[in-house]
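Letter by letter, the chains look like this.
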Amino acid sequence: DGKGDGKDGKGDGKGGGRGKGGGGKGGKGQSPWSFVPVCGASDPLGLADLAGKVPDGWIDHVHGGRVPKERLHVTFLLKMAVPLEHLPRLQKVCGDSPPVALKVRELFLSRVDRIRDAEVYCIGVGFESPGLRGLKNRWLQEESEASRRTHDPYPDREGHVSLAYVHASSWEEANAFVEAHWDAVVGRSMSVDAIVYEDDSRNSFEVQLTGDPEAA
């Protein structure tokens, strides 16, 4: 129904409300991981533009600030720490798959529980992508049940992007901002034709989705 339910940092209704969660991405720079950029040379979903519209006075620059365009991405898999096994499997899964759609499911405002020394809220976007979920599940098939959560902590979700972190004192204005932009943002979609893999030295490269759409 397009509404959040408080899990994975999402709100509890249109506009998010004072939802609980905000688990953060994690894993970056600590072990190899993979992700889907939502802003390249262009801004196909308008998310960089939307983040830029959040007034600077609301932004908590100490606890995340405004997320820059180059960091607007959806986590694919975390802790891909066995390069000779995990990376080839990613290449095989992507090589067999045609590009998939990534669609905005919700715009949310949510309390970031991982930040303990201040009350901070995140304005962000949640996605739906059965195609991306299918790719993840194919990769995860070779993992034990116990280790799947290590790579994919939120198996009931299909990804989110944080746009800006705002002070609690700006919650009402931020909630109105989310309400005002909901209809324009929700439902936007883009085609994902590559997953970016980043190693433990932060070297990254694209793994293309090169499968035949007719065979999908």
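Relevant structure appears above.
Counting restarts for each chain, with residues numbered from 1 along the sequence as it is written. Thresholds applied to this predicted model are a pLDDT of at least 70 for local features of residues and 80 or more for the giving and counting of side-chain atom pairs; totals over whole chains, interfaces and linings are not thresholded and use all residues. Neither water nor hydrogens contribute to the side-chain values; these are computed over all heavy atoms in the structure.

Asker: Could you clarify how one ought to interpret the packing of aromatic side chains in this entry?
Answerer: Between 30 and 60 degrees the pair is tilted, below 30 it is stacked and above 60 it is edge-to-face, where a pair is any two Phe, Tyr or Trp rings, Trp via its six-membered ring, whose centres lie within 6.5 Å. According to the stated counting rule, one finds three aromatic pairs in the structure shown. Relative to Phe205, the ring of Tyr197 lies with its centre 5.7 Å away and its plane at 55 degrees, an arrangement referred to as tilted. Note that Arg89 overlies the ring of Trp139, its terminal NZ or CZ placed 4.3 Å from the centroid. Only Lys NZ and Arg CZ are tested; either one counts as a charge over a ring when it is within 6 Å of the ring centre and within 35 degrees of the ring normal.

Asker: Just to check I follow, could you spell out the pattern of salt bridges for this structure?
Answerer: If charged atoms from side chains of opposite charge come close, those side chains can pair. Salt bridges are counted wherever a side-chain nitrogen of Lys or Arg sits within 4 Å of a carboxyl oxygen of Asp or Glu. Here the structure, examined in full by the defined rule, presents eleven salt bridges. Residue Arg89 is joined to Glu85 by a salt bridge in which the shortest nitrogen-to-oxygen separation is 2.8 Å. Taken together, the residues span about one helical turn, with Arg89 and Glu85 both in helix α2 (residues 83-95) at a distance of four residues. In this structure Glu85 comes out as partly exposed when scored by relative accessible area, which is 39%. Notably, a salt bridge pairs Asp152 with Arg133, separated by 2.8 Å at the nearest N-O pair. Helix and strand definitions here come from DSSP, where helices need a minimum of 4 consecutive H or I residues and strands a minimum of 2 consecutive E residues; each element is numbered from the N-terminal end. Any residue under 20% of the maximum accessible area for its type is buried, any over 50% is exposed, and the rest in between are partly exposed; the area is computed with a 1.4 Å probe on protein chains only.

Asker: Please clarify how α2 should be interpreted in this entry.
Answerer: Helix span, as expected, comes to 1.5 Å for every residue beyond the first. With 13 residues, α2 should cover 18 Å at 1.5 Å per step; its first-to-last C-alpha distance of 17 Å lies within 8% of that length. All of the buried residues along α2 are His86, Leu87, Arg89, Leu90, Val93 and Cys94. Along the long axis of α2, the arc covered by the buried residues comes to 155 degrees, so they all point the same way. Residues of α2 that are exposed and angled more than 90 degrees away from the buried face: Leu84 and Lys92. Tucked inside the fold, the buried residues of α2 contact β1 (33-37), β2 (73-77), α3 (130-140), α4 (145-151), β7 (194-198) and β8 (204-208). The arc in question is traced by the directions running from the helix axis to the C-beta atoms. Contact between two residues is taken to exist if any of their heavy atoms lie within 4.5 Å; hydrogens are not considered.

Asker: Mind showing me how you'd approach the sheet that holds β2 here?
Answerer: Strand pairs in the sheet, formed through backbone hydrogen bonds, run parallel or antiparallel to each other. The four strands lie next to each other as β2-β1-β7-β8, forming an open sheet whose pairing is antiparallel. Each edge of the open sheet is held by one strand with a lone partner, namely β2 and β8. Recorded for the sheet is a direction-independent mean angle of 35 degrees between the axes of neighbouring strands. Fitted lines through C-alpha atoms give the axes, limited to the stretch in contact for helices. The angle between two N-to-C directions lies from 0 to 180 degrees. α2 rests against β1, β2, β7 and β8 of the sheet, and its axis sits at about 40 degrees to β8. Pairing between strands is defined by DSSP: at least two bridges between them are needed.

Asker: When you look at the environment of Leu72 in this model, what are you seeing that I'm missing?
Answerer: By the secondary structure assignment, Leu72 is in the loop between α1 (47-52) and β2. Residue class for Leu72 comes out buried when judged on its relative accessible area of 1%. Considering only alpha carbons, one finds Leu72 and Val36, 36 residues apart in sequence, at a separation of 8.8 Å. Other than its neighbours up to four places away in sequence, Leu72 contacts Pro37, Val38, Cys39, Leu47, Ala48, Val67, Val161, Ser162 and Leu163.

Asker: Help me out: how do you make sense of unusual backbone geometry in this one?
Answerer: Trans peptide bonds make up the majority, and among non-glycine residues the majority have a negative phi. Of note in this structure, Lys79 is not a glycine but carries a positive phi near 50 degrees. Structurally, Lys79 is set in the loop between β2 and α2. Residues other than glycine seldom take positive phi values, yet Arg202 does so here, at roughly 70 degrees.

Asker: Teacher, can you tell me more about the nonpolar core here?
Answerer: Core analysis: the largest hydrophobic core is formed by 55 residues, its most contacted members being Val38, Leu90 and Phe127. Setting aside residues no more than four positions away along its own chain, Leu90 makes contact with Ser34, Phe76, Met80, Trp139, Ile195, Tyr197 and Val207. To qualify as a nonpolar core, a set must consist of buried Ala, Val, Leu, Ile, Met, Phe, Trp, Tyr and Cys residues joined through side-chain atoms within 4.5 Å.

Worth remembering: the numbers are spatial, not functional.
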